[in-house]
Amino acid sequence: MRRGTKEGQCIDWLRGGNGSFPSGNFCGAGAPQERNHAMLYYLIVCRSLTYAQRTAAALERAGITARVLRSPKSIAGEGCSHSVKISQRNLPDSLRILRQVGLAPKRIYITAGDGSYQEVAL
């Protein structure tokens, strides 16, 4: 913890210090801030569970958070498939990394908070 930072002010306030509570919603206290945008993320559809696990592992090694999940029925197409979920900001780096390790995605979908999916051209 660094003194003089919002984090330090927050910790001091929680410990009963005399300082005023830091402005903003830095440490989870106070009124929550409203969000006007839906969280966008991508689903990289893989041809098998094994490829989804390899894809996620390659991305995690590169520092990109990736989660393996069963593809939603609306995008699964033929039978069961598995996908790797990544945040919107990580798509360009993810595609570059996957190309380098030879794990080409089968399909990619963008999804929004309302549950809709749209295929992204590769």
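Bear in mind the structure is a predicted one, so any value in this text is a computation, not a measurement.

Asks: Please clarify how the overall build of the protein chain should be interpreted in this entry.
Replies: For the protein chain, the helix and strand inventory stands at 4 helices and 5 strands. Of the regular secondary structure in the protein chain, the N- to C-terminal order runs α-β-α-β-α-β-α-β-β. Residues counted as buried form 31% of the 122 residues belonging to the protein chain. At a minimum sequence separation of 6, the contacts of the protein chain that also span at least 24 residues come to 54%. Carbon and sulfur atoms form 49% of the exposed surface of the protein chain, whose accessible area is close to 8,300 Å².

Asks: Looking at this model, I keep getting lost on the confidence of the model for the protein chain. Mind explaining?
Replies: In low-pLDDT regions, the fine details of the predicted coordinates are not to be read closely. For the protein chain, per-residue confidence averages 77 on the pLDDT scale, and residues scoring 70 or more make up 67% of the total. Here residues 19-36 is modelled with pLDDT under 50, and outside its nearest four sequence neighbours on either side it reaches 18 contacts, counting other chains as well.

Asks: Just to check I follow, could you spell out the packing of aromatic side chains for this structure?
Replies: For any pair of aromatic rings, the description consists of the separation of the ring centres together with the inter-plane angle of the planes. Enumeration according to the criterion identifies 0 aromatic pairs in this entry. When the ring centre of Y41 is taken as origin, the NZ or CZ atom of K85, which lies over that ring, is 4.2 Å away.

Asks: For this particular structure, what's the right way to read helix 4 (residues 91-101)?
Replies: Because each turn of an α-helix spans 3.6 residues, side chains separated by three or four positions end up pointing in the same direction. Those residues of helix 4 that sit buried are L91, S94, I97 and L98. Buried residues in helix 4, looked at end-on, bunch into an arc of 125 degrees, giving them a common side. Seen from the buried face of helix 4, the exposed residues on the opposite side, beyond 90 degrees, are P92, R99 and Q100. Check the buried side of helix 4 and you find it contacts strand 1 (41-46), helix 2 (49-61), strand 3 (82-87) and strand 4 (107-111).

Asks: I would appreciate a short explanation of the nonpolar core in the present structure.
Replies: For soluble globular proteins, nonpolar side chains are generally found buried alongside one another. Of all hydrophobic cores here, the largest spans 16 residues; its most connected members are I44, L59, A66, V84 and I86. When contributions to this core are tallied by element, the ones reaching two or more residues are strand 1, helix 2, strand 3 and helix 4. Top contributing element to this core by residue count: helix 2, with 4 residues. Excluding residues that lie within four positions of it along the chain, A66 makes contacts with A56, L59, E60, V84, K85 and I86. Counting residues in hydrophobic clusters, the runner-up holds 6 residues, among them Y41, V45, L69 and I75.

Rules and cut-offs
Each chain has its residues counted from 1, following the order in which its sequence is written. Given that this is a predicted model, residues contribute local features only at a pLDDT of at least 70 and side-chain atom pairs are listed and counted only at 80 or more, while totals for whole chains, interfaces and linings are drawn from all residues. The basis for every side-chain value is the complete set of heavy atoms in the structure, and neither hydrogens nor water enter the calculation. A run of H or I in DSSP becomes a helix once it reaches four residues, and a run of E becomes a strand once it reaches two; helices and strands are each numbered from the N terminus. For the exposure calls, accessible area comes from a 1.4 Å probe over protein chains only, and a residue counts as buried if that area is under 20% of its type's maximum, exposed if over 50%, partly exposed in between. We call two residues contacting when some pair of their heavy atoms lies within 4.5 Å. The accessible surface values rely on the Shrake-Rupley method and a 1.4 Å probe; as for residues, cover is taken only from the protein chains in view. A score between 0 and 100, pLDDT records how confident the predictor is in each residue. For this analysis, a ring pair means two rings from Phe, Tyr or Trp (six-membered ring only for Trp) whose centres lie within 6.5 Å, classed as stacked if their planes differ by under 30 degrees, edge-to-face if by over 60, and tilted for the remaining angles. Here, a charge over a ring is recorded when the distance from Lys NZ or Arg CZ to the ring centre is within 6 Å and its angle to the ring normal is within 35 degrees. Here the arc refers to the set of directions running from the helix axis out to each C-beta atom. Here, nonpolar core means buried Ala, Val, Leu, Ile, Met, Phe, Trp, Tyr and Cys residues that are tied together by side-chain atoms lying within 4.5 Å of each other.

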